[in-house]
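The primary structure of each chain is shown beneath.
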Amino acid sequence: MTDPVLGDLQPSEVRVRFPPSPTGNLHVGNVRSALFNWAFARHHGGTLVLRIEDTDLARNTLEGYRSIIDSLHWLGIDWDEGPEVGGDHGPYRQSERFPIYAEVAQALREEQAAYDCYCTTEEVDARRKASGSKNQGYDGFCRDLDPDRLAVWQAEGRTPVLRFRMPEEPIVFDDLVRGEVTFLPEHVPDFAILRANGDPLYTLVNPLDDAMMGITHVLRGEDLLSSTPRQIPLYRTLQRLGVGNGPPRFGHLPMVMGEGNRKLSKRDPGSGLLDYVDRGFLPEGLLNYLALLGWGIAEDRDVFTMQEMAEAFDIRRVNPSPARFDVKKLEAINSAHMRRISLPDMTERVIPFLVEAELVDEPITSDQRSLLDAAMPLVHERINTLSESVSMLGFLFVDEQAFAVTDEIDDAGRDVVRASYDALADLDDWSTSTIEAALRETLVDGMGLKPRNAFGPVRVAVTGSRISPPLFESLELLGRERSLGRLQAALA
Ligand code: GLU
Ligand code: ZN
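Residues numbered from 1 in each chain as written. Chains lettered and ligands numbered in written order. Predicted model: local features only at pLDDT ≥ 70, side-chain atom pairs only at ≥ 80, totals over all residues. Heavy atoms only, no water.

Asker: Can you help me understand the overall build of the chain in this one?
Answerer: Counting its secondary structure elements, the chain contains 19 helices and 11 strands. At 31 Å, the chain has a C-alpha radius of gyration far larger than the 23 Å of a compact globule built from 492 residues. Principal-axis analysis of the C-alpha atoms gives the chain an extent of 105 × 55 × 40 Å. Expressed as a percentage of its 492 residues, the buried residues of the chain come to 49%. In the chain, once contacts between residues fewer than 6 apart in sequence are set aside, the share between residues at least 24 apart is 75%. Just so you have it, the chain exposes about 23400 Å², and 49% of that area is on carbon and sulfur atoms. Across the chain, the mean location of the 52 positive side-chain charges is 6 Å away from that of the 78 negative side-chain charges. (Helix = DSSP H or I, 4+ residues; strand = E, 2+ residues; numbered from the N terminus. Rg over C-alpha atoms; globule rule 2.2 N^0.38 Å. Buried < 20%, exposed > 50% of the residue type's maximum accessible area, 1.4 Å probe, protein only. Contact = heavy atoms within 4.5 Å. Areas by Shrake-Rupley, 256 points an atom, 1.4 Å probe, with all protein chains shown as cover. Lys, Arg positive; Asp, Glu negative; His and termini not counted. Charge placed at Lys NZ, Arg CZ, Asp CG, Glu CD.)

Asker: Can you walk me through the nonpolar core in this structure?
Answerer: Buried together is how nonpolar side chains tend to be arranged in soluble globular proteins. Counting 54 residues, the largest nonpolar core has Leu 35, Ile 77, Ile 315 and Phe 325 as its most contacted members. Counting only elements with at least two residues in this core, the list comes to β1 (15–18), α1 (28–44), β2 (47–50), α2 (62–75), α8 (273–278), α9 (283–291), α10 (306–312) and α11 (327–340). Ranked by the residues each element gives to this core, the list is headed by α1, at 9 residues. Beyond its immediate chain neighbours, meaning those up to four positions away, Ile 315 contacts Val 5, Phe 40, Leu 176, Val 177, Leu 219 and Leu 253. In this structure, Met 346, Ile 351, Val 417 and Leu 427 belong to the second largest nonpolar core, which totals 49 residues. (Core = buried A, V, L, I, M, F, W, Y, C linked by side-chain atoms within 4.5 Å.)

Asker: How should helix α15 (residues 411–425) be read in this particular structure?
Answerer: Structurally, the α-helix is built with 3.6 residues per turn, so residues lying three or four positions apart point the same way. For α15, with 15 residues, the first-to-last C-alpha span of 21 Å sits near the 21 Å given by 1.5 Å per residue. Of all the positions in α15, only Gly 413, Val 416, Val 417, Ala 419, Ser 420, Ala 423 and Leu 424 are classed as buried. Buried residues of α15 fall within an arc of 170 degrees about the axis and therefore sit on the same side. Where α15 is buried, its residues meet α16 (432–446), α17 (451–463) and α19 (480–491). Taking the backbone nitrogen of Ala 412 as reference, a side-chain oxygen 3.3 Å away marks Asp 410 as the first, capping residue of α15. (Expected span 1.5 Å × (residues − 1). Arc of directions from axis to C-beta. Polar contact = N/O pair within 3.5 Å; in protein donor to acceptor, adjacent residues only side chain to side chain.)

Asker: What am I meant to see in the coordination of the zinc ion (ligand 2) here?
Answerer: As a benchmark, a tetrahedral metal site with four donors has ideal angles of 109.5 degrees, while an octahedral site with six donors has ideal angles of 90 or 180 degrees. Each protein donor to the zinc ion (ligand 2) is listed here as Cys 117 (SG), Cys 119 (SG), Tyr 138 (OH) and Cys 142 (SG); together their distances run 2.0 to 2.3 Å. Its 4 donor atoms give the zinc ion (ligand 2) angles of 98 to 121 degrees at the centre, a pattern that matches the tetrahedral case. Going along the chain, you hit the donors of the zinc ion (ligand 2) in the pattern C-x1-C-x18-Y-x3-C. For Tyr 138, a relative accessible area of 9% puts it in the buried group. (Donors = N, O, S within 2.8 Å, 3.2 Å for Na, K, Ca; no water. Tetrahedral: all angles 85-135°; square planar, octahedral: opposite > 155°, others 65-115°.)

If you want it as structure tokens, here you go:
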């Protein structure tokens with residue numbers, strides 16, 4: 001029996017691709033596609049190809065290209081063929097493949113699988129109105145163009161687009177996620193594959209490169225479902241011309257929805273990967289969350305690693321219904337991963353955030369490093385993103401002149417601060433336990449305060465905020481001089 005996903009392929013013959021356009025900040029929906037392709041390739045022991053779809057030279061920048069490569073490295077998604085690693089099917093940047101596209105386009109024209117179309121949009125619209133047709137798009141007018149009219153249009157200096165000739169039959173395919181999908185011919189008109197200036201379009205280069213690169217499975221977002229009925233006959237034609245092995249299997253991943261039940265668009269805040277990098281999310285947390293947009297490892301479990309995902313991944317268990325991008329859930333998953341990473345690992349990852357906030361030097365000095373090593377155990381279990389280290393640890397690294405108290409201390413609080421200053425000023429030994437004993441004795445036993453009322457104002461005075469690492473440890477790390485100085489400043 002042939003395998004429902006692999007057909008006659010050996011698992012190691014699986015070839016999938018991630019083909020982003022380098023227009024900047026990767027969309028989280030694209031990252032989800034990259035992840036599912038990665039998991040599919042790793043699950044089967046196949047090949048993941050990274051292909052850069054940069055034929056739109058005006059919109060695609062070198063910066064956009066670098067950003068994709070850096071983002072994939074940051075995520076830990078590795079590829080087997082493509083930029084940086086090479087492979088037998090290159091070049092892997094479409095901007096370097098224009099001669100191939102020109103040659104194939106010419107072959108399609110010669111085969112009459114594609115034809116020159118000289119119509120303007122206005123003419124197509126006018127004909128549609130006149131005929132009363134409800135079909136959108138092109139009407140096939142230039143399929144058999146009358147030679148006289150052709151001569152007139154050419155004399156006018158019109159330059160044609162190249163259009164692919166769609167078959168007259170419905171296009172039916174078995175989607176790995178959605179089951180059988182059918183498109184009727186009246187809904188899929190002949191489409192342009194070259195612009196009038198000769199530049200190739202996505203409609204040509206995407207399936208052509210899939211064919212040339214031996215792609216066996218295309219897993220991509222549902223927003224691309226409508227390209228599939230155009231691509232299938234193109235893969236078939238290319239196969240007839242000796243290019244590729246015919247259409248790959250398709251699996252269209254569920255739409256990622258934003259606020260208000262709309263598709264999460266590139267313009268929505270929080271739709272770009274870099275937003276989450278900057279906010280200190282872990283790649284492990286983000287990928288785990290993105291995996292849940294359509295897939296799950298088990299009913300009762302939603303925290304897992306990429307390796308676990310790769311082992312368990314089954315494209316047929318992807319749910320076709322739209323998935324809502326829920327930042328709260330992402331935060332919860334991320335903090336579960338924060339709990340899983342070791343103290344030394346978290347320390348390394350926190351440093352760039354402290355550098356960015358100008359709290360430590362770049363590279364971090366050895367004094368700063370010792371202070372950080374001493375402080376990290378206090379926050380290791382308490383922060384939910386790496387960037388929270390900045391607000392939690394800032395008070396230790398900030399210049400004394402720049403230190404500012406952000407929460408308020410009222411009159412009663414000032415009495416507490418004064419008493420604390422007196423209790424701590426002549427401590428012999430500045431350590432967590434002696435500090436704690438002195439403050440408890442003075443504030444709780446002496447003044448009869450509840451611990452929260454007692455320590456709150458002290459916390460604000462020395463750390464600047466009501467939210468901080470544990471107080472007595474913080475005072476020890478801050479040191480006698482700075483601690484007393486801040487208590488005094490709070491009284492002024
Ligand atoms: N370059 C296209 C995109 O980024 C690729 C779509 C596809 O997977 O076919 O949307
Ligand atoms: Zn035409």
